[in-house]
Amino acid sequence: MIKTGRPWRRRPSSDARREIVLLSPAILTVLITGLAFATPREIAFSRLLPAAPALAAAMWPVLPTIALGAFCLLAMIGLSLVYSDLGTPYTAAAIVAVTLTAAYTSHLRLQREETLFQVRLVADAAQQVLLRPLPRRVQGLDVESLYLAAQEQARIGGDFYEVADTPFGVRLLIGDVRGKGLPAVGAASAVINCFRENAYDQPDLRGVIHRLETSMGRYSVAILDPDQPEHFATALIAEIPSSGGHVKILNCGHPPPLVMRNGEIRVLEPTVPSPPLNLATLLGDDYNVDTVAFASGDQMLLYTDGVTETRNRAGAFFPLPEWMRQLGPATPRELLDRLHRDLLHYSGGRLDDDIAAVAVRCRRPGTPERSA
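Because the structure is predicted, anything quoted here is derived from the model rather than measured.

Paired through backbone hydrogen bonds, the strands of a sheet run either parallel or antiparallel to each other. Taken in spatial order, the six strands of this open sheet run S1-S2-S11-S10-S7-S8, and their pairing is antiparallel. The sheet is open, and its two borders are formed by strand S1 (137–138) and strand S8 (264–267), each paired with just one other strand. Where strand S7 (residues 258–261) and S8 come together, four bridges link them in antiparallel fashion. Looking at the pairing, Met260 lines up with Ile265 of S8.

Moving on: the pairing of strand S6 (residues 245–252). Every regular strand shows the same layout, with side chains that alternate between the two sheet faces. Relative to S6, strand S5 (residues 233–240) runs antiparallel, the two sharing five bridges. Looking at the pairing, Ala238 lines up with Ile249 of S6. Hairpin connection of S5 to S6: four residues between the antiparallel strands, including Gly244 at a positive phi of 70°. In this sheet, strand S9 (residues 289–294) lies alongside S6 in antiparallel orientation, the contact comprising six bridges. Its bridge partner being in S9, Ile249 is matched across the sheet by Asp290.

Here the structure, examined in full by the defined rule, presents one cavity of 30 Å³ or more. Estimated volume of the largest cavity: approximately 30 Å³. Around the largest cavity, the lining residues are Ala36, Thr39, Pro40, Arg41, Ala44, Phe45, Ser46, Tyr83 and Leu86. Counted by class, the lining of the largest cavity contains six nonpolar, two polar and one charged residues.

Taking the UniProt record as the reference, the feature "transmembrane region" (unreviewed entry) is found at residues 20–38, 58–83 and 90–110. Within residues 20–38, the helical portion is 100% and the strand portion 0%, while the C-alpha atoms at the span's ends are 24 Å from each other. Along residues 58–83 one finds 81% helix and 0% strand; the C-alpha atoms at either end are 32 Å apart.

Before going further, it helps to spend a moment on a nonpolar patch on the surface. Taken together, the side chains of Ile20, Leu23 and Ile27 present a nonpolar region at the surface, about 300 Å² in accessible area. Relative to the helices and strands, Ile27 resides in helix H1 (residues 12–38). Overall, the relative accessible area of 47% leaves Ile27 in the partly exposed class.

Parameters and conventions
Residues numbered from 1 in each chain as written. Predicted model: local features only at pLDDT ≥ 70, side-chain atom pairs only at ≥ 80, totals over all residues. Heavy atoms only, no water. Pairing = 2+ DSSP bridges. Helix = DSSP H or I, 4+ residues; strand = E, 2+ residues; numbered from the N terminus. 1 Å grid on protein atoms, 1.4 Å probe; cavity = no way out; pocket = protein on both sides within 12 Å on 5 of 7 lines; lining within 4 Å. Points joined across faces, edges and corners; volume = space filled by probe spheres on them. Nonpolar A, V, L, I, M, F, W, Y, C, P; charged D, E, K, R; others polar. UniProt positions renumbered as here; feature names shortened; annotations may be inferred. Patch = residues over 30% accessible without salt bridge, like charges linked within 9 Å, V, L, I, M, F, W, Y side chains within 5 Å. Areas by Shrake-Rupley, 256 points an atom, 1.4 Å probe, with all protein chains shown as cover. Salt bridge = Lys/Arg side-chain N within 4 Å of Asp/Glu carboxyl O. Buried < 20%, exposed > 50% of the residue type's maximum accessible area, 1.4 Å probe, protein only.

Written as structure tokens, this is what we have:
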């Protein structure tokens, strides 16, 4: 999983478990050797010694794996001096063969890990471009973000968000591209880049969304994918003017944001639905902008459908409004940290869809500055 913002600190117990796992080949060698010396010859625990270098190949470099195999061979020779008729030549030959095979396997594993590491570096760089870290303070707003990939090895996906400090106020974008994989990433990149350019120039949210619609349509035509001939995305744009007091929202088929005010939760459903991006030709291009009060101390949560469609073992969806109501007052960072933990707990540690969320709080006058 990937989470933007402050990294989670690794627990000491996790470090201890990891060290035990890494030492398991050596522990296994000592255990087998000790049992071989302490038990009668008929039991022949020594025949298990080849298992130690085989296990080491899964987690150790080449030279330590060979060194462990050499130690097992010496232990077998030492056992033959104490107990005769152990079948030492056969066991020694097995240790040598397994050690050589384990060393080669370790070499291949390290090569693949290096390749995967380089791929992750490229993916991380792509994520920094596509989902670059958001400013944590914009005008009078506190802003925090969260991104969780459904696939453990993934770094980016079709969920996206952005914040722009424009002459018209702070504008926020969040959305979700249909599909997964590289086509979804490309479509998300097209939408975000278009928003970054036009959010500063278009005086009205409808103008911004028309530009996003055009960009999404061009991308869908340019990218020919037989498995997915059409690309579309849900999106939501919010605008909070510098003067504050309210927020304008244009929701194009996206899950409605939540606003917390004095402990009360309000779901901001659009008064008139607007079509998702690249579906205007089918559903019409009538875009509706709602204006909602957003005063000092209010907090707004924008999210993708991966949050509300997270299921528990019984198949029930995550009850986001009730969860937020029970959470009570919290800073944007605390809210997203808790959401991260509770989503993983609710789903049993497995997410079926990517998750993106942005929390925005209108600061109260006189609130002290936070450290970055």
